[in-house]
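Below are the chains, spelled out letter by letter.
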Amino acid sequence: MHGDGYDVVVIGAGLVGGAVAYGLARAGQRVAVLDEEDATYRASRGNFGLVWVQGKGVGRPEYALWSRASSERWFELSEALTENGGLAPNYTRPGGVIAALSEEELSALDSMLAGLKRAVGNAGYEYEILDAARVRELLPACGPEVVGGAYSPYDGHANPLKLMRGLHASLAGLGADYLAGARVDAIRPLDGGGFDLRTERGTITGGKVVIAAGHGSKALGAMVGLDVPVHPEHGQIVVTERTAPWLGHPTLGIRQTDEGSMLFGASHEDRGFDTSVLARTSRDIAHRAVRVFPGLASLRVVRTWGALRVMTPDGFPIYAQSRAHPGAFVFTCHSGVTLAANHALEASRWVIDGEIPEGMACFAPDRFDVPQAA
Amino acid sequence: MFRRLPDPTGTIAFDFEGTTFEACEGDSVAAALLANGVLGFRTTPASGAPRGPWCLIGNCHECLVEIDGEPNRQACMVEARAGMQVRRQHGARVIPR
């Protein structure tokens, strides 16, 4: 540990904290990453692994463009992690499909994507609405219930566990200090700048502090005058035995991993801080997957898990620096895989610069302060 | 490599890749193959390297074999039966169209 303190202390060693810390360490900052225990509610152990753009940003076109920028930057992130950490997160971007099981679903996709294209204007937004024949060209495994779908060239996927391990291996290789069992109990702003963090492993001093602690960010933000209204949203994933390559494109909710397993997911439930797996949720997830791709019915399920997304009231990320205590940042989102490249290669620079760019001001939590219309 | 403990149960015969093997009643397919000197149960989808049982309690999926035409069965979780047709699992299974 650095006796004279760190340039930046990142609270949270999941995909958000890990990515920001990685970017900081790459830029030569002296970084400490503080983690809790294995039993923590960590969203980063439960990711589905999509790097997804299609349909994101309805009502917030900046989020559509931010997600798309990350899917571009992911190529660089993947290469950098392979070089720094010796572990490829296996990012590929073959384009993603949302399958429609009815004409209603198909026309809803059409109007959603047309609306996004209008909203981003000159930035451009490519997609294709697929008819029954075209969707089968992309995904011959589609069953008879699939009437069409939507395709986006910006969508891809990666191995989220290799991403996590790659970030940590890279951090270690770049000389960042990773401290497990270092839950932060208090953040004390120091006169003249900097922060003392009281942890279970003693006091750690940093010139700046980044709160990227998932569900823990709410309480930590309050210590430095940052409002972080996050709540847990339960998502469940079903994994099958491995098979030979069968799905050439990831779809929203069903994808085949680089290692051959099929993942079904995309449940959204409010269950508080409960990560347990419900059979009926697995059933519903698997039922839809088999309607889309009937061949999946022949596969054995080998694992299921539940994890808690870190959700904001509007579903968009929170990026903010404390006005009361400059140098204290909070970064949180529920798309830790998709946005990992942005966090590593872009958001880390905001911390070094001491400023979040004007164009990202829409992600500050003061957007939640607007009084409800009477 | 493996030697049986004294076992009072009767024996059954099953087929492994065209050869008739004997197993004790109650053996898992994995135990029966190991007792017959088979170590490589499958080859991996990634590199084609041979693999055999590791955990023997249903967790590791290293002991996959084809049983009576059904691919990717966990040999340690299936009881050997008379007349069973067992083959190695070569690489990844294929989903029938």
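In this text the structure is predicted, and so the values were computed from the model without any measurement.

Undergrad: I tried to follow the overall build of chain A on my own but got confused; where do I start?
TA: Scanning chain A from terminus to terminus reveals eight helices and 17 strands. In summary, chain A has a C-alpha radius of gyration of 21 Å against a globular reference of 21 Å for 374 residues, a match within 12%. Counting only C-alpha atoms, chain A reaches 65 × 45 × 40 Å along its principal axes. Taking all 374 residues of chain A together, the buried fraction comes to 49%. Considering only residue pairs separated by 6 or more positions, chain A has 73% of its internal contacts joining residues 24 or more positions apart.

Undergrad: What is the right way to read the overall build of chain B from this model?
TA: Across its full length, chain B carries one helix and seven strands. Secondary structure of chain B in N-to-C order comes out as β-β-α-β-β-β-β-β. Its C-alpha atoms give chain B a radius of gyration of 13 Å, within 12% of the compact-globule value 13 Å for 97 residues. By principal-axis analysis of the C-alpha atoms, chain B measures approximately 45 × 25 × 20 Å. Among the 97 residues that make up chain B, the fraction classed as buried is 31%. Across chain B, contacts joining residues at least 24 apart in sequence account for 40% of those joining residues at least 6 apart.

Undergrad: Help me out: how do you make sense of the domain arrangement of chain A in this one?
TA: Note on interface size: it is often stated as the accessible area lost on association of the parts. One can read the domain layout of chain A as domain 1 (6-49 + 161-230 + 314-369), domain 2 (96-153) and domain 3 (231-311). Computed from C-alpha atoms alone, the centre-to-centre distance between domain 1 of chain A and domain 2 of chain A is 36 Å.

Undergrad: Just checking my understanding: could you explain the sheet that holds strand S4 (residues 96-100) of chain A for this structure?
TA: Strand pairing in a sheet relies on backbone hydrogen bonds, with the paired strands running either antiparallel or parallel. Residues and elements named next belong to chain A. Ordered in space as S4-S6-S5, the three strands form an open sheet in which the pairing is antiparallel. Of all the strands in the sheet, just S4 and strand S5 (128-130) have a single pairing partner and so form its edges. For this sheet the average axis-to-axis angle between neighbouring strands, irrespective of direction, equals 20 degrees. Both S5 and strand S6 (residues 148-152) contribute to a ladder of three bridges, which runs antiparallel. Among the inter-strand pairings, Leu130 is bridged to a residue of S6, identified as Gly149. Sitting on the sheet, helix H3 (residues 103-120) touches S4, S5 and S6, and the angle it makes with S4 is about 140 degrees.

Undergrad: It is not clear to me how the interface of chain B and chain A should be interpreted in this structure. Could you clarify?
TA: Contacts between chain B and chain A engage nine residues on the former and 10 residues on the latter. For the side of chain B that touches chain A, a count of residues per class yields five nonpolar, two polar and two charged.

Undergrad: Just checking my understanding: could you explain the pairing of strand S11 (residues 202-211) of chain A for this structure?
TA: Side-chain positions along a regular strand alternate between the two faces of the sheet. Residues and elements named next belong to chain A. Pairing of strand S1 (residues 6-11) with S11 involves five bridges; the strand directions are parallel. Bridge pairing links Ile11 to Ile211 in S11. Across five bridges, strand S10 (residues 195-199) lies against S11 in antiparallel orientation. Along S11, the bridge assignment pairs Arg198 with Thr203. Between S10 and S11, which pair antiparallel and follow one another directly, the connecting turn spans two residues. Note: S11 against strand S17 (residues 328-332), three bridges, orientation parallel. Bridge pairing in S17 links Ile211 to Val330.

Undergrad: I would appreciate a short explanation of the environment of Gly202 of chain A in the present structure.
TA: All names here are of chain A. Secondary-structure assignment places Gly202 in strand S11. Note on Gly202: 10 C-beta atoms within 10 Å, which makes it exposed. The sequence separation of Gly202 and Val238 amounts to 36 residues, and the corresponding C-alpha distance is 40 Å.

Undergrad: In this structure, what is going on with the nonpolar core? I would like to understand it.
TA: Of all hydrophobic cores here, the largest spans 110 residues; its most connected members are Val9, Val10, Ile11, Val20, Ala21, Val31 and Val210 of chain A. Ranked by residues supplied to this core, first place goes to helix H1 (residues 15-26) of chain A with eight residues. When neighbours within four sequence positions are excluded, Val210 of chain A is seen to be in contact with Val8, Val10, Ile11, Val20, Phe329, Phe331 and Val351 of chain A. Judged by nonpolar contacts, the second largest core, of 18 residues, contains Leu34, Val65, Ala75 and Val86 of chain B.

Undergrad: When you look at the sheet that holds strand S14 (residues 261-264) of chain A in this model, what are you seeing that I'm missing?
TA: Residues and elements named next belong to chain A. Here four strands make up an open sheet; going across it, the order is S13-S14-S12-S15 and the pairing antiparallel. If you trace the sheet from one side to the other, it starts and ends with strand S13 (254-256) and strand S15 (301-311), each paired once. Looking at each pair of strands side by side, their axes are set apart by 20 degrees on average, direction ignored. Bridge count for S13 against S14 is three bridges, and the pairing is antiparallel. Directly across from Arg255, in S14, lies its bridge partner Leu263. Here helix H7 (residues 279-292) sits on the sheet in contact with strand S12 (231-242), S13, S14 and S15, set at roughly 55 degrees to S12.

Undergrad: I tried to follow the packing of helix H2 (residues 61-85) of chain A against helix H5 (residues 160-173) of chain A on my own but got confused; where do I start?
TA: When two helices pack together, you describe them by how their axes are tilted relative to each other and by the distance separating the axes. Residues and elements named next belong to chain A. Two numbers describe how H2 lies on H5: the axes approach to 8 Å, and their chain directions differ by 50 degrees. Viewed along their axes, H2 and H5 adopt a mutual orientation that is oblique. As H2 runs across H5, the sense of the crossing is left-handed. Residues Leu81, Asn84 and Gly85 of H2 form the contact with H5, whose participating residues are Gly166, Leu167, Ala169, Ser170 and Gly173. Taken together, the residues of the contact of H2 with H5 break down into three nonpolar, five polar and no charged.

Undergrad: Can you help me understand unusual backbone geometry in this one?
TA: Residue and element names in this part refer to chain B. At Glu17, a position not held by glycine, the phi torsion is positive, near 50 degrees. Along the chain, the position of Glu17 falls in the loop between strand S1 (11-16) and strand S2 (19-24). Using a count of 12 C-beta atoms within 10 Å as the deciding quantity, one classes Glu17 as exposed. Phi at Asp68 takes a positive value of approximately 50 degrees, unusual for a residue other than glycine.

Undergrad: Help me understand the environment of Leu15 of chain A in this model?
TA: All names here are of chain A. Mapped onto the secondary structure, Leu15 falls in helix H1. C-alpha separation for the pair Leu15 and Ala340, spaced 325 residues apart in sequence, amounts to 6.7 Å. Sequence-distant contacts of Leu15, defined by excluding residues within four places in its chain, comprise Ser44, Leu163, Met164, Gly336, Val337 and Ala340.

Cut-offs used in this document
Residues numbered from 1 in each chain as written. Chains lettered and ligands numbered in written order. Predicted model: local features only at pLDDT ≥ 70, side-chain atom pairs only at ≥ 80, totals over all residues. Helix = DSSP H or I, 4+ residues; strand = E, 2+ residues; numbered from the N terminus. Rg over C-alpha atoms; globule rule 2.2 N^0.38 Å. Buried ≥ 20, exposed ≤ 12 C-beta atoms within 10 Å, placed from the backbone. Contact = placed C-beta atoms within 7 Å. Domains from an automatic or database assignment. Pairing = 2+ DSSP bridges. Axes fitted to C-alpha atoms, helices over the stretch in contact; angles between N-to-C directions. Nonpolar A, V, L, I, M, F, W, Y, C, P; charged D, E, K, R; others polar. Core = buried A, V, L, I, M, F, W, Y, C linked by C-beta atoms within 7 Å. Parallel < 35°, antiparallel > 145°, perpendicular 65-115°, else oblique. Left-handed = near helix turned anticlockwise from the far one by under 90°.

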